[in-house]
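# Remarks on the overall topology
The lines below spell out each chain.
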Amino acid sequence: MKRPTGRRLTVTAMTVAGLVVGATACSSGGGTSSSQAADSGSYTVWDPYPQFAGDSAWVKLLDGCGSRAGVKVERRAFDTTDLTNKALLAAQQDNAPDVLILDNPVVSTLAEAGVLTTTDENKVDTSKVDPNLLAAGQSGGKTYGTPIGANTLALYYNKDVLTEAGVDISSVKDWKSLTTALDKVRKAGKKGITFSATGTEEGSFQFLPWFWGSGAKLTELDSAQGVSALSLWRDWLEKGYAPDSVINNTQTTSWQEFASGEYAFAENGTWQLAGAEKAGFDYGVLPIPGADGGSAAAPTGGEFVTVPVQGDSGRYATTRKLVSCLTSAENLYDTDTTLSYVAPTAGVRAKQTAAKPELKPWVDAVKAAKGRTSDDLGTRYPRISEQMWKAVQSALSGSQSPKGALTAAQDAVE
Amino acid sequence: MTVRIVARGASTNRTTRPPDRRPASRQWSAWAFLAPVTLYLALFYAYPLYRNADLSLRDYTVRSFVQGDAPFTGLENYRKVFDDPAFGPALTHTIVFTAVCLVFQYAIGLALAVFFHQRFRLSATLRALFLVPWLLPLIVSASSWSWMLNSDSGVVNAALHVIGVGPVHWLTSPSWSLTSVIIANIWIGVPFNLVLLHSGLQSIPRNLYEAAALDGASAWQRFWRITFPLLRPVSAVTLLLGLVYTLKVFDIIWIMTKGGPAGSSTTFATWSYRLGFGSLLPAFGPGAAVGNLLVVAALAFGLVYLRLQRKQALS
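Residues numbered from 1 in each chain as written. Chains lettered and ligands numbered in written order. Predicted model: local features only at pLDDT ≥ 70, side-chain atom pairs only at ≥ 80, totals over all residues.

Looking at an unreviewed UniProt entry, one finds chain B named Sugar ABC transporter permease and attributed to Streptomyces djakartensis. In its Sequence similarities (unreviewed entry) section, the UniProt entry covering chain B states "Belongs to the binding-protein-dependent transport system permease family." What UniProt records for chain B under Subcellular location (unreviewed entry) is the sentence "Cell membrane". (UniProt positions renumbered as here; feature names shortened; annotations may be inferred.)

The subject of this paragraph is the overall build of chain A. Helices and strands together make up the secondary structure of chain A, namely 18 helices and eleven strands. Out of the 414 residues in chain A, the part that is buried amounts to 48%. Across chain A, contacts joining residues at least 24 apart in sequence account for 74% of those joining residues at least 6 apart. (Helix = DSSP H or I, 4+ residues; strand = E, 2+ residues; numbered from the N terminus. Buried ≥ 20, exposed ≤ 12 C-beta atoms within 10 Å, placed from the backbone. Contact = placed C-beta atoms within 7 Å.)

Check the secondary structure of chain B and you find 16 helices and zero strands. The C-alpha atoms of chain B give 26 Å as radius of gyration, which overshoots the globular expectation for 315 residues (20 Å, by more than 25%). Here the C-alpha coordinates of chain B stretch approximately 90 × 75 × 30 Å along the principal axes. Taking all 315 residues of chain B together, the buried fraction comes to 30%. In chain B, the share of contacts with a sequence separation of at least 24, taken over all contacts with a separation of at least 6, comes to 67%. (Rg over C-alpha atoms; globule rule 2.2 N^0.38 Å.)

Turning our eyes to something else, we now look at the sheet that holds strand β8 (residues 191–194) of chain A. Residues and elements named next belong to chain A. In spatial order, the strands read β8-β9-β7-β10; together these four strands make up an open sheet with mixed pairing. The sheet is open, and its two borders are formed by β8 and β10 (283–286), each paired with just one other strand. In this sheet, neighbouring strand axes are inclined to one another by 20° on average, regardless of whether the strands run parallel or antiparallel. Where strand β7 (residues 153–158) meets β10, four bridges bridge the pair, whose relative direction is antiparallel. When the bridges of β10 are listed, Y156 appears paired with V285. (Pairing = 2+ DSSP bridges. Axes fitted to C-alpha atoms, helices over the stretch in contact; angles between N-to-C directions.)

Now for the interface of chain A and chain B. The interface is formed by 41 residues belonging to chain A together with 37 residues belonging to chain B. When residues of the side of chain A that touches chain B are assigned to their parent elements, the largest contribution, eleven residues, is made by helix α1 (residues 2–37) of chain A. Per-class residue counts for the side of chain A that touches chain B are 15 nonpolar, 19 polar and seven charged. (Nonpolar A, V, L, I, M, F, W, Y, C, P; charged D, E, K, R; others polar.)

Attention now goes to the environment of L293 of chain B. Residues and elements named next belong to chain B. Counting through the fold element by element, L293 comes out in helix α16 (residues 284–314). Given 21 C-beta atoms within 10 Å, L293 falls into the buried group. When the C-alpha atoms of L293 and Y78 are compared, they prove to be 9.1 Å apart, with 215 residues separating the residues in sequence.

For the rest of this paragraph, the subject is the UniProt feature "domain: ABC transmembrane type-1" (unreviewed entry) in chain B. UniProt tags residues 91–305 of chain B as "domain: ABC transmembrane type-1" (unreviewed entry). Along residues 91–305 of chain B one finds 74% helix and 0% strand; the C-alpha atoms at either end are 22 Å apart.

Another aspect to go through is the sheet that holds strand β1 (residues 42–47) of chain A. All names here are of chain A. With respect to topology, five strands assemble into an open sheet ordered β2-β1-β3-β11-β6, the strand pairing being mixed. The outermost strands of the open sheet, each flanked by one partner alone, are β2 (72–77) and β6 (146–147). This element, helix α4 (residues 104–112), spans β3 (99–103), β6 and β11 (303–306) of the sheet and lies at about 120° to β3.

What follows is about unusual backbone geometry. Of note in this structure, S340 of chain A is not a glycine but carries a positive phi near 45°. Summarising the element assignment, S340 of chain A is placed in the loop between α14 (329–339) and α15 (346–355). Classification of S340 of chain A by C-beta neighbours within 10 Å gives partly exposed; the count is 19. Unlike most non-glycine residues, L122 of chain B shows phi in positive territory, near 70°. Within the secondary structure, L122 of chain B is located in the loop between α5 (87–117) and α6 (123–130). Residue classification places L122 of chain B among the exposed residues on the basis of 9 C-beta atoms within 10 Å.

One finds A87 and I193 of chain A to be the most contacted residues of the largest nonpolar core, which totals 154 residues. When residues in this core are grouped by element, the largest group, ten residues, is from helix α10 (residues 177–202) of chain B. A domain split of this core shows at least three residues from each of domain 1 (36–147 + 303–340) and domain 2 (153–298 + 376–413) of chain A. Ignoring anything within four residues of it in the chain, the contact list for I193 of chain A reads L182, W236, Y241, A242, Y263, A264, F265 and A266 of chain A. (Core = buried A, V, L, I, M, F, W, Y, C linked by C-beta atoms within 7 Å. Domains from an automatic or database assignment.)

Now for the confidence of the model for chain A. Summarising the model, chain A shows a mean pLDDT of 86, and 90% of its residues fall at 70 or more. No element of chain A has a lower mean pLDDT than α1 of chain A, at 41, and none a higher one than helix α10 (residues 224–238) of chain A, at 96. (pLDDT = per-residue confidence, 0-100.)

Take the domain arrangement of chain A next. Residue and element names in this part refer to chain A. Split by domain assignment, chain A resolves into domain 1 (36–147 + 303–340) and domain 2 (153–298 + 376–413). When each unit is reduced to the centre of its C-alpha atoms, the spacing between domain 1 and domain 2 is 32 Å. Taken residue by residue, the interface counts seven residues in domain 1 and eight residues in domain 2. Per element, the largest residue contribution to the side of domain 1 that touches domain 2 is four residues, and it comes from α4. Counted by class, the side of domain 1 that touches domain 2 contains one nonpolar, five polar and one charged residues.

Let us look at the UniProt feature "transmembrane region" (unreviewed entry) in chain B. Residues and elements named next belong to chain B. In the UniProt entry, the feature "transmembrane region" (unreviewed entry) is given for residues 28–47, 95–116, 128–148, 176–197, 230–256 and 283–306. With 100% helix and 0% strand, residues 95–116 has its two end C-alpha atoms placed 31 Å apart. Across residues 230–256, the secondary structure splits into 85% helix and 0% strand, with the terminal C-alpha atoms separated by 39 Å.

Okay, structure coming up:
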């Protein structure tokens, strides 16, 4: 009696163990084999647009481009910050997607890592793209992709609040007149301006228009101009023109503040246009003024379509078809409309402004915009940017003077 | 220990006897039972730990991360981390954060546990309500705290205004940010302490209290002479688990302040994340080094716990 039970037990245990081992082996192997399994018939596309579900226009466009190229497209969406790390890991496992749609300041980092092919290799056509936008994807004289659309920052203003405070928006031309307007708004019992100075890349992105607008250069953070830009922000906080919540605001929380209807101005991006229409008050858009008038260069946002290096170079031909389909004039128009981006080519932009005249200030802002990694900063930009947002945080929270904070930042970069 | 000795004794006995078939099949099934656990431990504990140690000993750039040819640099990353001006403040913040959170979570948790131990009407309902912070997803509670502590429009400052106290810049002033995240974390940690200590109280025999009451002990004396000493083993577990959980707290700080402003609420956990993932150019090596320091700290306290337990078992 005893022996059969023992044997049966052994058999059961072995089966269980076998199943568990099998299952673990499957699950650990599953991650790496996804694109290898995606052989010649299917191509992988990774994008940072998790907001678009399977039935969205964007996914339909991807599928359409796939079937036109005669292949099946497998799409995976990631959160923007997550995408960089996932792409690096995938490249490490020699498992990169065929098409990678990537936030533009990261392009130079991944290019440096040897993950991306140049346009010389993948033969993607970039001839129609504006040079100032393409520059964000260039490093060491080579181009690593083509922008799918561009966005940038400008000042949204609440017309009701400004009228109540007696501010004529056409008088706001430079920093001085903007500060005067903020003072009037504050005296009228409303709130001045909101922006995002959080301790991440977003904080640097929002500070850059003022930094560049002062005439400062990223290679010298502690120049007199740079200090004047940071002092401008700090003074706004000290005088109560801006709430001190800006120190922790992301661009989304800053937008929520503006949408409350209490604020006269908000620094935010093209992508909030859809939200602005729903805000329930009359709004306008103004390019961010430079220190002494004119429009400041704002940093370009938006993604690049890139082609990661593949072990099998035979895949590039089909990948090229996919990329040129995604960035064809007609598809660019549709994509940039859904993303509320400004198109990277003059032709599509003209079509956009014809259909939607209120895009005009954004088109101007994009034309004046500048890539963060431009001026051949490339992978030096992330280092500089990190020190810059730290300096902004130190100065705005009062733990250091603008001059002291930027000097410390410049020292840390070197 | 004892089990192993017995097993060895049995097997030595068996060799003197004529061999039979049972030990072989038993050994097979023993291995089969062992395999899943071993495999699980190796895949999900040993390998990640090894990788983390390896990451921290090499000089990773994005390029060498992808190509997999990062040069071995010994303790260079650790030296870099120790020399970093952010190291001192991060260490202080980690210690202050952990110590203050533990003391308050334990004290409040114990007070509530004793309170709920005297069964009264609605005590079960109330106790359930106290568990809410534990059940909420961290992102929800942390976001709610950051709304409540907003300098201009937060409910906390509004309440302070009513009683005539000027606005406190909870999350945006370097002198307050650490306090703010500590308050939020204490709130989140109290239910955990309450539940463990409350169940510990159940195991103290009621008749001890009755006897003490007959001898004329006051409530205060009963707490210090009976409850507290008899709760000691449970308290030790609660505090040590709490310590390990608090050391690695990341979500609350990251959502509320991102370790800022100006690094004023940066702990090792947020620092490690920032180094590895917080900027466009990841510094995997130093990030892993900071992470390992945390692992070592938690391990050290884990050993202290084992030692305490052994001592208690012996006495």
